[in-house]
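# Examination of the molecular architecture
For reference, the chains in residue letters:
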Amino acid sequence: MPKMKTNSGAKKRFKVTGTGKIKRKKAYKSHILTKKSSKRKRKLGKDTLVDSTNEKKIKKLIPYEF
């Protein structure tokens, strides 16, 4: 059976933590930042975990990262 292909976009967007959870960046931090408060922009800069409902789909996209 041939090897599965890793989705290139997903490979760049997600990282796997030591415990096997998936880390992602938050959206809405790229442009039109003048109307957003400093607190909001600061919170958007932090990484967060992927919701458990989406984890299975993302694991299929990056099969060799685990």
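Residues numbered from 1 in each chain as written. Predicted model: local features only at pLDDT ≥ 70, side-chain atom pairs only at ≥ 80, totals over all residues. Heavy atoms only, no water.

What the protein contains, in helices and strands, is three helices and three strands. Of the regular secondary structure in the protein, the N- to C-terminal order runs α-β-β-α-β-α. Relative to a compact globule of 66 residues, whose C-alpha radius of gyration would be 11 Å, the protein shows 15 Å and is clearly more extended. By its C-alpha atoms, the protein is 50 × 25 × 20 Å across when sized along the principal axes. (Helix = DSSP H or I, 4+ residues; strand = E, 2+ residues; numbered from the N terminus. Rg over C-alpha atoms; globule rule 2.2 N^0.38 Å.)

Turning to the side chain of lysine 36, a few remarks are in order. Inspection of the secondary structure puts lysine 36 in the loop between strand E2 (22–24) and helix H2 (38–44). Here lysine 36 is buried and forms no salt bridge, its nearest opposite-charge partner aspartate 47 lying at an N-O distance of 16 Å. There is a polar contact of 3.3 Å between the side chain of lysine 36 and the backbone oxygen of histidine 31. Filtering out sequence-adjacent residues up to four positions away, lysine 36 remains in contact with Tyr28, His31 and Lys41. (Buried < 20%, exposed > 50% of the residue type's maximum accessible area, 1.4 Å probe, protein only. Lys, Arg positive; Asp, Glu negative; His and termini not counted. Salt bridge = Lys/Arg side-chain N within 4 Å of Asp/Glu carboxyl O. Polar contact = N/O pair within 3.5 Å; in protein donor to acceptor, adjacent residues only side chain to side chain. Contact = heavy atoms within 4.5 Å.)

Let us look at unusual backbone geometry. Most peptide bonds are trans, and most residues other than glycine sit at a negative phi. At tyrosine 28, a position not held by glycine, the phi torsion is positive, near 70 degrees. Relative to the helices and strands, tyrosine 28 is located in the loop between E2 and H2. One non-glycine residue, isoleucine 32, lies in positive phi territory at about 55 degrees. A relative accessible area of 48% means that isoleucine 32 is categorised as partly exposed.

This paragraph deals with a positive patch on the surface. A cluster of like positive charges, contributed by Arg24, Lys26, Lys39, Arg42, Lys43 and Lys46, occupies part of the molecular surface. Here lysine 43 shows up in helix H2. (Patch = residues over 30% accessible without salt bridge, like charges linked within 9 Å, V, L, I, M, F, W, Y side chains within 5 Å. Areas by Shrake-Rupley, 256 points an atom, 1.4 Å probe, with all protein chains shown as cover. Charge placed at Lys NZ, Arg CZ, Asp CG, Glu CD.)

This structure, assessed with the given rule, holds three salt bridges. The shortest N-O distance in the salt bridge between lysine 25 and aspartate 47 comes to 3.3 Å. In this pair, lysine 25 sits in the loop between E2 and H2 while aspartate 47 sits in the loop between H2 and strand E3 (48–49), placing the two residues 22 residues apart along the sequence.

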